[in-house]
Amino acid sequence: MQVRIQSIKSPFRFVAALVLVPGLAGCFVSPGGESSSDGGQPGSRLRVALAFPPAENFSPYGADATLLSRLGVTEGLTALDANGAATPALAQSWRRENDRTWRFTLREATFQDGTDVTPSAVAEALTRATKAKPVPAALAGVTLDAEADGSRDVRITTATADPVLPMRLSSPGLAVLSPKAYEKKGAPTPVGTATGPFEIAKAGSGGSATLDRFDDYWGGRAHASGIDARFVKDGTARANAVRTGDVDIAEAIPVAQAATLDKAALKEAGTTRTTSLHLNTKTGPFRDPKLRAAAREAVDSSVIVKGVFEGYADPGAGLYGPAVTWAESKRVQPTGRADAARPDGTRITLATYDNRPELPEVAQVVQQQLEKAGFTVKLEVREYSRLESDALTGRFDAFIGARNSLLDTGDPVGILAGDYTCDGGYNLALLCDKDVDRAVQKADGTDGTGERQDAAMAAEAAVLGTDAVVPLAHQRIIAGVSTEVRGVVLDPYERALVGTGTRR
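Parameters and conventions
Residues numbered from 1 in each chain as written. Predicted model: local features only at pLDDT ≥ 70, side-chain atom pairs only at ≥ 80, totals over all residues. Heavy atoms only, no water. 1 Å grid on protein atoms, 1.4 Å probe; cavity = no way out; pocket = protein on both sides within 12 Å on 5 of 7 lines; lining within 4 Å. Points joined across faces, edges and corners; volume = space filled by probe spheres on them. Helix = DSSP H or I, 4+ residues; strand = E, 2+ residues; numbered from the N terminus. Disulfide = S-S within 2.5 Å. Pairing = 2+ DSSP bridges. Right-handed = clockwise from strand over helix to strand, strands pointing away. Axes fitted to C-alpha atoms, helices over the stretch in contact; angles between N-to-C directions. Parallel < 35°, antiparallel > 145°, perpendicular 65-115°, else oblique. Left-handed = near helix turned anticlockwise from the far one by under 90°. Contact = heavy atoms within 4.5 Å. Buried < 20%, exposed > 50% of the residue type's maximum accessible area, 1.4 Å probe, protein only. Polar contact = N/O pair within 3.5 Å; in protein donor to acceptor, adjacent residues only side chain to side chain. Salt bridge = Lys/Arg side-chain N within 4 Å of Asp/Glu carboxyl O.

**Student:** In this structure, what is going on with the layout of surface pockets? I would like to understand it.
**Tutor:** Counted as a void, the second largest pocket has a volume near 580 Å³. Lining the second largest pocket are 27 residues, with Ser-69, Glu-75, Ala-79, Arg-495 and Ala-496 positioned closest to its centre. For the lining of the second largest pocket, the secondary structure elements donating two or more residues are strand E3 (78-80) and strand E4 (86-88). Of all the elements, E3 adds the most residues to the lining of the second largest pocket, at three residues.

**Student:** Sorry if this is basic, but what is going on with the state of the cysteines here?
**Tutor:** Every disulfide links exactly two cysteines, by a covalent bond between their sulfur atoms. Using the criterion set out here, one finds one disulfide in the structure. The partner cysteine of Cys-422 in its disulfide is Cys-432, sulfur to sulfur 2.0 Å. Sign of the S-S torsion, about 95 degrees for the bond between Cys-422 and Cys-432, identifies this disulfide as right-handed. Here Cys-422, found in the loop between helix H11 (412-420) and helix H12 (434-444), pairs with Cys-432, found in the loop between H11 and H12; they are ten residues apart in sequence, far enough to count as distant.

**Student:** How do you make sense of the pairing of strand E16 (residues 376-382) when you look at a structure like this?
**Tutor:** Two faces make up the sheet, and in a regular strand the side chains alternate between them. In the sheet, strand E15 (residues 347-353) pairs with E16 via seven bridges, with the strands oriented parallel. When the sheet's bridge partners are listed, Thr-352 is paired in E16 with Val-381. You can see the chain leave E15, run along helix H9 (residues 358-373) and come back into E16, and the turn it takes is right-handed.

**Student:** So what exactly am I meant to see when it comes to the packing of H11 against H12 here?
**Tutor:** Any two packed helices are characterised by the angle at which their axes cross and by the distance between the axes. At a closest axis distance of 10 Å, the pairing of H11 and H12 adopts a crossing angle of 150 degrees. In terms of their interaxial angle, H11 and H12 are classed as roughly antiparallel. In this structure, H11 crosses over H12, and the sense of that crossing is left-handed. Facing H11, whose interface residues are Val-413, Leu-416, Ala-417 and Tyr-420, H12 presents Val-436, Asp-437, Val-440, Ala-443 and Asp-444.

**Student:** What's the story with helix H4 (residues 235-243) in this structure? I'm lost.
**Tutor:** Note: α-helices contain 3.6 residues per turn, so residues at a spacing of three or four share the same orientation. Turning to H4, its buried residues are Gly-235, Ala-237, Arg-238, Ala-239, Ala-241 and Val-242. Residues of H4 that are buried sit in contact with strand E2 (46-50), strand E12 (249-250), helix H5 (255-258) and strand E18 (469-481). Of the residues flanking the start of H4, the one acting as N-cap is Asp-234, its side-chain oxygen 3.1 Å from the backbone nitrogen of Thr-236. With its phi angle positive at about 80 degrees, Gly-245 sits one or two positions after the end of H4.

**Student:** I tried to follow the environment of Ala-295 on my own but got confused; where do I start?
**Tutor:** Position of Ala-295 among the secondary structure elements: in helix H6 (residues 289-298). Under the relative-accessibility criterion, Ala-295 is labelled buried at 0%. For the pair Ala-295 and Val-48, spaced 247 residues apart in sequence, the C-alpha separation works out to 41 Å.

**Student:** Sorry, what's going on with the pattern of salt bridges here?
**Tutor:** Pairing between side chains becomes possible if they bear opposite charge and their charged atoms approach one another. The full count for this structure, using the stated rule, is 33 salt bridges. Between Asp-248 and Arg-47 there is a salt bridge; the shortest N-O distance is 2.8 Å. Here Asp-248 is found in the loop between H4 and E12, whereas its partner Arg-47 is found in strand E2, with 201 residues between them in sequence. Neither Asp-248 nor Arg-47 differs from the other in exposure class; each is buried. Residue Arg-337 is joined to Asp-467 by a salt bridge in which the shortest nitrogen-to-oxygen separation is 3.1 Å. In this pair, Arg-337 is assigned in the loop between helix H8 (327-330) and E15 and Asp-467 in the loop between helix H13 (449-465) and E18, connecting sequence segments 130 residues apart. By relative accessible area, Asp-467 is classed as buried at 1%.

Interpretation in functional terms is not warranted from these geometric data alone.
Below is the structure:
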């Protein structure tokens, strides 16, 4: 079987996942669970509180793709290790046959509907992903052929050399589902068609989901017999649920609530998410690079880290933070920055969203710092879904957002292409700079892990040299976890939370 896979978008058009949250907050009712045990015997169900509900009926292609992977429902051919390198998942091994061709050997695995994971099923899953609208970010600008080769291998040939293809295939948006998932029109369903250790048994209307253990999982049966997930926007409610014992795991605990939890129940880890100030380079006052320089000089990120994040973050050093373990040693200092001008009361509108509770507080601090430097600042805060389109079309002079720099593919070039080039699909600064585009193009065409990282850091320096973006803080994961729970996965890429070893 041969499948032609082609994105219709430009090489640098990446699409940001929407963050949609209804106003749901509440209490948790503990379901009846079985007695816990180890081995393959039935164990207790896990009660999990998540911050963001399914926005697209559990479609594997948009924002819900990461939600599915965090709950252990879906998998791709590969995964990422702590250093960002590709590791085996549904593909147990792979090799590069030439510049444009890779061969992936599948492990013996079973879909949750009882059918085998075959090369033809993998090829179909990939081609279905390219027909999604919008196309998953990991495939934006990519042209490739995928064909079954024998009973276990899939051969993938790209139109141009793609040295990060194994990393690309780890994207949650490229999860492999069984052919049954695509039988009905519309978005495919992951219910009973995925390969992970947990399968969706019942999905509520945005407020809850029930998952059961998939006993035939190739990686061995999970300790927990299932997951009862609730989606709660309010961070205080999530923290309270952990404190009162109504849930076992609550993600994204607001820093303001961290002190209310017992230290033993508070788990922290670095993440590749960075909060940044984006300055509109296309319209308004920040078309002037001298005023952008003035804004950058006005911002003191150490105040934000100490006062807003209460130490649960690191000062903004660049587009990539400490969780990108290789970045600091390779960082290149920006050159050619403009000299700062006097703002003299220049009026600007600064916007952010309240889905992440720290961001309005960050915006207030930045507002004060900019006003102290001489700007006149109007602050606008909305829910994200009511803000994104205005931000991307340049309705604001400045925008504060949080972005996971390695979420889409694990490739550091991805966020550079998607967020800071002329054709970038999530270009909040509306930056279109020929030197930046040239540096990103060079990085995108660089082979070899170390060499590609070096090129990415050179491109980062080109972006920062324009003062279109000011990194504010590199965030850390804060999760509330019952002291009875073991094995929670604090993934710096925010793709995983519950695994086979998670139990109570």
